[in-house]
Structures are given as C-alpha cells and as structure tokens.
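An overview of the molecular structure
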Amino acid sequence: MKNPLSWQIATVRKIKVETPRAKSFTLELPDWTPHRAGQHYDVRLTAEDGYQAQRSYSIASEPEREGEVDLTVERIADGEVSNYMHDVLIEGDKIEVRGPIGGYFVWESSIRGPLLLVAGGSGIVPLMSMIRHRRAAQSDAPTRLLYSSRSIDDIIYRHELEALTAGKDGLAVFYTLTRSQPAGWKGFARRIDAGMLSEVAGPLGKEAQAFICGPTQLVEAAAEVLVGMGLNAGHIRTERFGPTGG
Amino acid sequence: MASNFVSRGFVGKRRAGEKTNRLPPGQYLTDDFPVLSAGPTPHTPLEQWTFTVDGLVREKTTWTWAEFLQLPMQAFTADISCVTKWTHLDMRWEGVSLDTLLEHVELDRTALYLTAYSDGGYTTNLPVPDILNGQSFIALRYDGRPLAPEHGGPARMVVPHLYFWKSAKWIRGIRFMEKDKQGFWESAGYHRRGDPWKEERYWND
C-alpha cells in the first residue's frame, strides 16, 4: 500500500486562465484520494541539477470530482513556483505533488448550520472548493460569501459564482472592489469593514461557522469584527496568504 | 528523499553562497514575517496575564506579567522555519530562556514531554530534551520592539530548531507530562516532532 502523503507525479490535463493573474490547473492524479474542501496540495519542482522548490496551493475543486484536482494559482511577482506554472507549464506536462493536507480549515456538507465565507484576492480558492462541494452535495445550508478584489477583472470564478447564485439554493455572494469599479457598479467599493460585514453576516446569526481566507491584514480585521459581532471565536477559522511586511 | 523526476524547463531562482546552506530542505528564504494563525488573535490584558508551569513538577508555579518582567532576559538570534515553507534567517528576539524558568521548578523524573498551551485554545507538544539547554525561550520582543499580537504577543514560545508551529503564540503556560499528547496542529495531520532538517512536516513523514 502506498504511503499516504507520498509524492506522486500528476499530469496537467487543462490550464484555464481565470484572470490576468490567476490560472487554474487541472491535475490528473495517479493516486487520487478524496480531499476535504479547504485542504491543499504541496507542489515540488526539481531542476536538472537537483535543485528543488516547494509551495502549497489550495484545492479549488470539489472532492466529488474523482481522479483529479484543480489548483488555482496566483502569479506572485518574483514567485519561483507560480511563475513556472504560469509561464512554462503546458497541458500534458508532469508535475510532482502530494496531499491532500490540512485538518482544520475544512468544511463538509455534513456540518449543519449557516456558513459565512470571507475572501480576499486569491483567498477565494479554498472557499470555492467549499462552495463547489456544497453544490455537489446538494446542501442548502444558508451560505454567504463576501469577496474582496481589487477590480472586476480580478474576480476569480465570477461567471460560475453568478450562475451558482442564480440557482437559488441558499447561496448569496457579495463583492467589494477596492481599487476600481466599473461604471454602474452596484456592489461595495471599499475594504472590508465592520459595517459591511455586519450587513453581509448579520442575517446568518451568531451560530454561523466562518471561514476567512486572504492577506493577513484583511483576515485579521474581519476576524476581529466577527468576534465583536458575537460569533464564537472557535467558529472562526482563518487561512492567511502572502507577505506581511515584517 | 530526492526524486528522479525533473520538471521540464524549471531552473529556479538560485541564491549564491552561505545563506542557502542554512536553508532546510524544501524551504525558501524570506525577509518577511508571515502571519499564519488559524483563528482570531486573542487579546489578554496584561493585568490578567499569567504564565504557569505545572503538571509533573513538585510545585505549580505562576508569574504575573510584572513578575515575569523581573526575570533575566536574553537576546536570541535564530533562523526560523515554518512548515508552510518560508525560512527567515537571523531573526532577533529577546526573552526568557526556558532554562531560567525551570530553575524555579523541580521537574519530576517522569516528566518526559510537555504541552504548551495558549490563549485561544492553541496547544502544541514537545519532548523535554528539545526545550532544555538554550534551545527554547519565551519571547517578549522581536526586532527591538514588543512582540505584536498577530505574532503572538505579549509572549510566545520560540523553539528555533523545530518548525515554527511548535513555537506557541500567546503562550500562557507549559504542563509537564509523562506521555506525549498531540497538540492542535499535530491532531490536524502535522508531524509529532517537526524537525525541518528531516522535513518532518506531516504525520507520516
């Protein structure tokens, strides 16, 4: 029996451009095991001389999709692995991965109760796995997503999110665009703050399970607001990406 | 551990010299100090803060914040490696060595492990030999300033030779035990000990 969490060589089946800075990579896994929404895979690149680089990427796809996973990767300026994936990797290439990893920032449809998802930038990725799993499992748990992006072109999965909310199964999505908004924009247009969170999360009540993912400043601010709103700190789970400037 | 697999067209960013020798396997260098907490940041007022050593000790011992500040503080410079792959070299800390704290308690002979416990419910487990002889301290300051709350302030444990999840933020005490009891991340799939030089990231590594 293969050692769980061993490295395996996946095949890139599809690459999709989501936004100018984000691409989704569909990886076919020889040793696929169902993940839990919110988990991630580790990716390892090896150069000819043996030099290696590793990073973690959240799984974007639902565990119900067998045999493969989607990883959505944002290009980071100077990012060693993200730039390789964006600029060099093509369909048919092999890539070494291991996973799924992570036992805390996870949601399963069997968990009852309202669900609050708060995303900043590429923090949407693990939350999208939860949203896709929720749909595949036909859950009607009241769910609200507050998604902060710099501009409309930076919203990852926008069309899919619009289609999902049109399905009227209890999912509502709220966007805030912090740097620029298109003409006629009706959503929020500022950084996440107490007023915005209160408006979005309030209807879910104090028993909501909250998942917040994104840059640490956004996560820190949102978590503090939710604690102040009376949510149990133990019901607020956070995952943080990106540099913090020391 | 080395694979025979080669990633087509991957060259990578190479840093010359001495710094790369200090990087444990699978890590990358950063000058940043990422925050990767799993939940909201706790905020305990200093007048309510205490640090306790209990469990398999002759007598439970507690310090208030004012009392803790009276303990001899030292400067520590350490390389820190996080399981999420970042390593930051030469991080400058000030704090109280665990050796100093242990001068005030008498450890039972059966005390082989400890659990560090924190505000917000975080715990992590360590074997006693890993914290002795200058290998761990309670940090109150980072880079010349009081430790910020998102980095674990007012006080966190620092155990530089293990992955940084073992360095419990917002620490309030340590409990000595006979058996090793998995803490927060250990129960969520991470390694029992977490040695970055052996790449002990996950439970089965």
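Residues numbered from 1 in each chain as written. Chains lettered and ligands numbered in written order. Predicted model: local features only at pLDDT ≥ 70, side-chain atom pairs only at ≥ 80, totals over all residues.

1. Section: the overall build of chain A
Going by this rule: Strands are runs of DSSP state E lasting at least two residues, helices are runs of H or I lasting at least four, and both sets are numbered from the N terminus onward. Note that the radius of gyration is over C-alpha atoms, with the globule rule given as 2.2 Å times the number of residues to the power 0.38. Exposure criterion: with C-beta atoms placed from backbone coordinates, a residue whose C-beta has 20 or more other C-beta atoms within 10 Å is buried, one with 12 or fewer is exposed, and one in between is partly exposed. Residues are treated as contacting if the C-beta atoms built from their backbones sit within 7 Å of each other.
Secondary structure assignment for chain A yields 5 helices and 11 strands. In terms of C-alpha radius of gyration, chain A reaches 18 Å, essentially the compact-globule figure of 18 Å for 246 residues. Viewed in the frame of its principal axes, chain A has a C-alpha envelope of about 55 × 40 × 35 Å. Considering chain A as a whole, with its 246 residues, one finds that 45% of them fall into the buried category. Taking the contacts inside chain A whose residues are at least 6 apart along the sequence as the reference set, 72% of them involve residues at least 24 apart.

2. Quick look at the overall build of chain B
When you go through chain B residue by residue, the secondary structure sums to 4 helices and 11 strands. Over its C-alpha trace chain B gives a radius of gyration of 18 Å, about what one expects of a compact globule, namely 17 Å for 205 residues. Principal axes of the C-alpha set define a box for chain B whose edges measure 60 × 35 × 30 Å. Put simply, chain B has 205 residues, and 34% of those count as buried. Taking all contacts inside chain B whose residues are at least 6 apart in sequence as the whole, residues at least 24 apart take part in 65%.

3. A word on the domain arrangement of chain A
When the parts of a complex come together, some accessible area is lost, and that lost area is often used as the size of the interface. Residue and element names in this part refer to chain A. What counts, and what does not: Source of the domain bounds: an automatic or database domain assignment. Any residue that is not Ala, Val, Leu, Ile, Met, Phe, Trp, Tyr, Cys, Pro, Asp, Glu, Lys or Arg is counted as polar, Gly included; the first ten are nonpolar and the last four charged.
The domain architecture assigned to chain A consists of domain 1 (8–101) and domain 2 (115–241). Centre-to-centre, using C-alpha coordinates, domain 1 lies 24 Å away from domain 2. Counting from both sides, the interface comprises 15 residues of domain 1 and, opposite them, 14 residues of domain 2. For the side of domain 1 that touches domain 2, the secondary-structure elements that each account for two or more residues are strand 1 (8–19) and strand 5 (68–74). Among the residues forming the side of domain 1 that touches domain 2, the class breakdown is 6 nonpolar, 5 polar and 4 charged.

4. Some words on the pairing of strand 3 (residues 40–46) of chain A
Residues and elements named next belong to chain A. Filter applied, for reference: We call two strands paired when DSSP finds no fewer than two bridges between them.
Counting buried positions along strand 3 gives 5 out of 7 residues, so the element sits mostly inside the fold. The pairing of strand 3 with strand 4 (residues 52–58) spans 7 bridges and is antiparallel. Counted as the bridge partner of Arg44 is Gln54 from strand 4. Taking the residues that link successive antiparallel strands as the turn, the strand 3-strand 4 hairpin has 5 residues, and the phi of Gly50 there is positive, at about 95 degrees. Here strand 3 runs beside strand 6 (residues 94–101); their pairing, made up of 4 bridges, is antiparallel. What sits directly across from His40, in strand 6, is Ile101.

5. What about the packing of helix 4 (residues 194–201) of chain A against helix 5 (residues 216–228) of chain A?
All names here are of chain A. Counted only if it meets this: Axis definition: a line fit to C-alpha positions, over the contact stretch in the case of helices; interaxial angles, taken between N-to-C directions, run 0 to 180 degrees. Our angle categories are set so that under 35 degrees counts as roughly parallel, over 145 as roughly antiparallel, 65 to 115 as roughly perpendicular, and the remainder as oblique. Here is the rule for handedness: rotate from the far helix to the near one, and if that takes an anticlockwise turn smaller than a right angle the crossing is left-handed, while a clockwise turn gives right-handed.
It is at 10 Å that the axes of helix 4 and helix 5 come closest, and there the two elements cross at 60 degrees. Our classification of the angle between helix 4 and helix 5 gives oblique. Handedness of the crossing formed by helix 4 with helix 5: right-handed. Contacts between helix 4 and helix 5 involve Ala194, Leu197 and Ala201 from the first element and Ala222, Val225 and Leu226 from the second.

6. Examining the environment of Leu115(A)
All names here are of chain A. Take Leu115: it is sitting in strand 7 (residues 115–120). Along the backbone, Leu115 and Arg144 are 29 residues apart, and their C-alpha atoms lie at a distance of 6.5 Å. Apart from the residues within four sequence positions on either side, Leu115 is in contact with Trp107, Ala141, Thr143, Ala208 and Gln209.

7. Focus: the nonpolar core
Our working rule: Think of a nonpolar core as buried Ala, Val, Leu, Ile, Met, Phe, Trp, Tyr and Cys residues, each tied to the set through C-beta atoms within 7 Å.
Residues Leu127(A) and Ala222(A) are the most contacted members of the largest nonpolar core, which totals 67 residues. Inspection of this core shows a minimum of three residues originating in each of domain 1 (8–101) and domain 2 (115–241) of chain A. Among residues more than four places away in sequence, those in contact with Ala222(A) are Val118(A), Ile192(A), Leu197(A) and Ile212(A). Core analysis: the second largest hydrophobic core is formed by 39 residues, Phe68(B), Leu98(B), Tyr117(B) and Trp165(B) among them.

8. Some words on helix 1 (residues 80–87) of chain A
Residue and element names in this part refer to chain A. We apply this condition: Comment: arc refers to directions from the helix axis out to C-beta atoms.
Every buried residue of helix 1 is accounted for by Val81, Ser82, Tyr84 and Met85. Burial along helix 1 is one-sided: seen end-on, the buried residues are contained in an arc of 160 degrees. Considering only its buried residues, helix 1 is in contact with strand 2 (22–28), strand 3, strand 4 and strand 5.

9. So, the sheet that holds strand 4 of chain A
Across a sheet, paired strands are connected by hydrogen bonds in the backbone, their directions being either parallel or antiparallel. Residue and element names in this part refer to chain A. One open sheet accounts for 6 strands, arranged 4-3-6-1-2-5; its pairing is antiparallel. The outermost strands of the open sheet, each flanked by one partner alone, are strand 4 and strand 5. Within this sheet the neighbouring strands show an average axis-to-axis angle of 40 degrees, counted without direction. Pairing of strand 1 with strand 2 involves 7 bridges; the strand directions are antiparallel. Residue pairing in the sheet places Lys14 in a bridge with Thr26 of strand 2.

10. Some details on the sheet that holds strand 10 (residues 209–215) of chain A
All names here are of chain A. Reading across from one edge, 9-8-7-10-11 is the order of the 5 strands in this open sheet, with parallel pairing throughout. Where the open sheet ends on each side, the last strands, each with one partner, are strand 9 (171–177) and strand 11 (236–241). The average undirected angle you get between the axes of adjacent strands in this sheet is 10 degrees. Pairing of strand 10 with strand 11 involves 6 bridges; the strand directions are parallel. Directly across from Ile212, in strand 11, lies its bridge partner Thr238. Running at roughly 150 degrees to strand 8 (residues 143–149), helix 4 makes contact with strand 7, strand 8 and strand 9 of the sheet. Of the strands in this sheet, strand 7, strand 8, strand 10 and strand 11 are in contact with helix 5, which crosses strand 10 at around 155 degrees.

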